[in-house]
Structure formats: C-alpha cells, structure tokens
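Observations on the three-dimensional arrangement
What follows is the residue order along each chain.
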Amino acid sequence: MLSVLLSLNLSHLGLWASGLILVLGFLKLIRLLLRRQMLARAMDSFPGPPTHWLFGHALEIQKTGSLDKVVSWAHQFPYAHPLWLGQFLGFLNIYEPDYVKAVYSRGGKGLLVLHGPKWYEHRKLLTPGFHYDVLKPYVAVFNNSTHAMLDKWEEKAREDKSFDIFCDVGHMALDSLMKCTFGKGNSGLSHRDNSYYLAVSDLTLLMQQRIESFQYHNDFIYWLTPHGRRFLRACQEAHDHTDQVIRERKAALQDEKEQEKIQNRRHLDFLDILLGARDESGIKLSDADLRAEVDTFMFEGHDTTTSGISWFLYCMALYPEHQSHCREEVCEILGDRDSFQWDDLGKMTYLTMCIKESLRLYPPVPQVYRQLSKPVNFVDGRSLPAGSLISLHIYALHRNSSVWPDSEVFDPLRFTPENVATRHPFAFMPFSAGPRNCIGQQFAMNEMKVVTALCLLRFEFALDPLQPPIKMPQLILRSKNGIHLRLKPLHLGSGK
C-alpha cells in the first residue's frame, strides 16, 4: 500500500515538475518574442538583406568570404542594415563614419566589458599605466622577444619553403605581454604559460562560434552542451593562471627585499600598476577586479597584435615595393645598432603609414558589438531606442568607398598628415574609438613598430602562391589556413 502511495506521489511530482518546466519555457519564449518584436520594431526604418526564416543571416555569416559579403551589403544599403543571428538576436550593423560617431562618441554598454560608473573608475585608475614614461622601457622587452622569434625563423628559412607565421607571432606577442604584464623573466614561456595561451586561443574561437550559432544564445542550453563546457574549462584555466600570478605577486610584496627589488626595476609591469592603483578614497581594486583587468589586457593585447603583425607581414610580401621602402627607412634609423630605442619610434614615418594601411585592410578586430544605454539619433533622421543592439563592422567601415576611394588598393599615403586631417575622425578605427577606445593602443602600436621593423631587417618576405590566406573572423581576424610566407635571410648587420 505504501509503495503504491509513494509511486502515486512521485508521478504527481513528475507531473508538477513537467508542468513547471513547460510554464517556464513558455514564459521564456514569450520574453524572447517580445524582445524580438522590440528589436525588429526599432530597426523598422532600416531595409536589409533577406533573412532565413530560422537562422536569420547566420548561415551567410558563417560561410567563407562572409566579411566581403557584408561589404557587398554595405554597398547595397548605405549607412546601416539589420543583422539577425537566428530569430532572437538582431543588431543594427553600421559602417558609415557619421553613424559610428553617433554611437561611439556617447558611450553605451560593451557586450563583453564593464559599463557605467565602474568602467569610468577603472579607466581613471588604469590611464597612468599607459603613460609614455611607463611605456618607454617596454621597447627593450619587444626587442628581446622579437629577436628570439627571428632566431627561430632563421632555422625555418634554411629549409627554403614557406611556413605559417601566425603561431610564432602569437607566442612572441604572448611572451612580450607576459613580461610587460606580469614581469616574467627572460626564460621564455613555461608550460603553464603555454596552457594559458591555448586557453585564450580556445576562448576566441568558442566566443565567435557562440555569437554565430543561434542555438547557443540561451545560457541554460549553452552550458549543457560540450561546446559550453569546453568554454567553461578554458575560462577556468585562464582565470586560474591569472589568480596564481596575482597571489604570487601579492605574497612577494609582503617581503621587504622583494618590494625594494620591484621599486628598483627598470620598468613597472601592468600588474604593479594595478596593485598600486587607488581611487580618490584610497580604495584599491578588489582581487576580482584585478583579475578582470589583467584578463582583459591579456586577452585583447596579445591576440590583436598577433593578427595586426601577421597581416602586415602578409601585406609586405604582397607589395614588395612598399616592403623595400620600409626596410630602407628602418635601416637608416637603426644604423649599426641591433635594437630599437624609444626615440626611434617617432622617426618610422613610412613604416607607420604602412602599418595603418594594413590595419585598415585587415583590422585585427573586424566587428565589435554595443548595446545602447540611451536612444540615438542618426544624421539622416533615423533613430534607435535605448536597449537596441549595434554591430560596428570595422572591416566594412574601412572599405566604405565614400570615405576610402579605391578601397581595395594598398596605399600608405592615405595616412599622410594632410590626408588624415581632411578625413572623418571615425572613418579609421582599428582599435575601436570614442570614450571606450583601446586603452592599450599606444602600447600595441609601439609593439607593432618594433616587431615589424626588426622582421624587415632580418628577412625578405615573399608570398606562397599555393597557399593564399583565407580571411576568417574569429573575434580577431585570422586566416583559416594560416599565413604562409617564404622568408629569405638578409643579414644587414641588424642583429644576431
């Protein structure tokens, strides 16, 4: 009798649970439909490319060549068009400087970053970290990490065949960043650091796949999938690495001798700056805030420069006349020295123009997302309400033919001071722009100058016609098949 009652109770419980799940699912669906209606209504006045009834534009975006597909849409729909990833996630995709200015000169919520007063406080705390005096000694770090990579390339070049440079540039950029962020010594990357590098690479891939796959947009469903669990593992690995480094540094600061050593060091690293940062009330960043800032700097700092440097070297191989011009300039600046100094960076005028032109054609971050915290009115009279989602398509902005004539042509002279002065300030945004612009952009530009100049002094770069790169947006701009170049050692008296 007891077992019959128990089984009846269990079956009732099962029915109640099923009913509750159905009700919750139904409420979630209604919420999604209302949100979709809000986003669709907000974008009513913006015509766009046809959508798939279930996937929206996601299938087009996932195909090879999707970046150039968006450029063709930009020609068809000037200013902006709706971009649907699935049925419930809709962005206004913008690529016109006045539209960009309307959104990015006023703030808003970055989908992957802090917003509001907390972001502003952190920004005020961090800005001293990127003051010129702090950046100066990092040039020596960039020199050392680059020389180590170029020595590796000397050996590879002896085989007289092309190889993929992307991975080596990634390790070099991480090595530099570890030294500038955590004060790592000259011993190179440990096993733990390499695990961190792999975790960060994994996260960039998984985040892009999640954005593009509408079935992963719901958190509850996503965390149940192997894809979601892999994301959590990679997050944990990255966080554990950062936590351990912060713990070790805090412990070292308790030791007076260590404290003295840090104060006498030739340069402060990013972690020193963060640990010493205080607001007006004398309050320091919490451990959670410290980790968030370090992870953001590491995550954004090494992947973006890796992409920028790799695509620049590809451009140099593609346009040998510009490669020769840059090499002549840096040879003259360096003379008989083997490493660059801070004062050399300002003299690299032609190299800097070539770097900027390669950042225009191959922006390291081809697309960024924003949620409007306030309504916005655009220059043509159209508007969007607060809560709307924006996708800034930097790749399409940089190929906007109304701003960039012959936009597919590599022309460094676009960046002469005269041409820059007459161009819209929001037409070129390799590091994003507005109040949220990349806080480390000076750091990134300095690193790119030192690394590329040393590369051009040691090698002549040529294409591998059998393996042209296939552009692939993955939070950063990568190549599906790597960036394969042929390297010819030059030995111009510039190093080892």
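Residues numbered from 1 in each chain as written. Predicted model: local features only at pLDDT ≥ 70, side-chain atom pairs only at ≥ 80, totals over all residues. Heavy atoms only, no water.

So, unusual backbone geometry
- The phi dihedral of Tyr 79 falls on the positive side, at around 80°, and the residue is not glycine.
- Phi is positive for Leu 475, close to 65°, though the residue is something other than glycine.
- Taking the relative accessible area as the measure of exposure, Leu 475 reaches 16% and is therefore buried. (Buried < 20%, exposed > 50% of the residue type's maximum accessible area, 1.4 Å probe, protein only.)

Digging into the UniProt feature "transmembrane region" (unreviewed entry) in the protein chain
- The UniProt record marks residues 13–34 with the feature "transmembrane region" (unreviewed entry), using the residue numbering of this structure.
- End C-alpha atoms of residues 13–34 are separated by 31 Å, and the span's content is 100% helix alongside 0% strand. (UniProt positions renumbered as here; feature names shortened; annotations may be inferred. Helix = DSSP H or I, 4+ residues; strand = E, 2+ residues; numbered from the N terminus.)

Focus on the sheet that holds strand E12 (residues 484–489)
- Strand order across the open sheet formed by three strands is E4-E12-E9, with antiparallel pairing between neighbours. A strand with exactly one partner marks an edge of an open sheet, and here the two such strands are strand E4 (163–164) and strand E9 (459–463).
- In terms of strand pairing, E9 meets E12 through five bridges, oriented antiparallel. Note that in E12 the partner of Leu 463 across the bridge is Leu 485.
- Packed on one face of the sheet, helix H14 (residues 287–318) meets E9 and E12 and runs near 80° to E9. (Pairing = 2+ DSSP bridges. Contact = heavy atoms within 4.5 Å. Axes fitted to C-alpha atoms, helices over the stretch in contact; angles between N-to-C directions.)

Comments concerning the nonpolar core
- Among the nonpolar cores identified, the biggest contains 134 residues, and Trp 153, Leu 384 and Phe 461 are the most heavily contacted of them.
- Discounting chain neighbours no more than four positions away, the residues touching Trp 153 are Phe 163, Ile 165, Asp 168, Val 169, Leu 313, Cys 455, Phe 459, Phe 461 and Leu 487. (Core = buried A, V, L, I, M, F, W, Y, C linked by side-chain atoms within 4.5 Å.)

Some remarks on helix H15 (residues 320–334)
- For H15, which comprises 15 residues, the first-to-last C-alpha distance of 21 Å matches the rise-based estimate of 21 Å (1.5 Å per residue) to within 8%.
- Just downstream of H15 lies Gly 335, where phi reads positive at about 65°. (Expected span 1.5 Å × (residues − 1).)

Remarks on the packing of helix H8 (residues 166–182) against H14
- The interhelical angle for the contact between H8 and H14, taken along N-to-C directions, is 145°, at an axis separation of 9 Å. By crossing handedness, the relation of H8 to H14 is classed as right-handed. Where H8 abuts H14, its residues Phe 166, Val 169, Gly 170, Met 172, Ala 173, Leu 174, Leu 177, Met 178, Thr 181 and Phe 182 lie against Val 294, Phe 297, Met 298, Gly 301, His 302, Thr 305, Thr 306, Ser 307, Ile 309 and Ser 310.
- Its residues assigned to classes, the contact of H8 with H14 comprises 12 nonpolar, eight polar and no charged. (Left-handed = near helix turned anticlockwise from the far one by under 90°. Nonpolar A, V, L, I, M, F, W, Y, C, P; charged D, E, K, R; others polar.)

A word on the side chain of Ser 66
- Counting through the fold element by element, Ser 66 comes out in helix H3 (residues 66–76).
- Note on Ser 66: relative accessible area 6%, which makes it buried.
- If near-sequence neighbours (up to four positions away) are discounted, Ser 66 is found in contact with Glu 60, Ile 61 and Pro 473.

A few points about the packing of aromatic side chains
- By the definition in use, this model includes 22 aromatic pairs.
- On the basis of an interplanar angle of 65° and a centroid distance of 6.3 Å, the ring pair of Trp 153 and Phe 459 is categorised as edge-to-face. With Trp 153 in helix H7 (residues 138–157) and Phe 459 in strand E9, this residue pair connects regions lying 306 residues apart in the sequence.
- What makes Phe 459 buried here is its relative accessible area of 0%.
- Here the aromatic cluster, defined as three or more aromatic residues joined through ring pairs, consists of Phe 46, Tyr 79, Tyr 99 and Phe 378.
- Against the face of Trp 404 rests Arg 360, its NZ or CZ located 5.2 Å from the ring centre.
- Lying across the ring of Phe 415, Arg 423 places its NZ or CZ 5.0 Å from the centre. (Phe/Tyr/Trp six-rings, centres within 6.5 Å; stacked < 30°, edge-to-face > 60°. Lys NZ or Arg CZ within 6 Å of the ring centre and 35° of its normal.)

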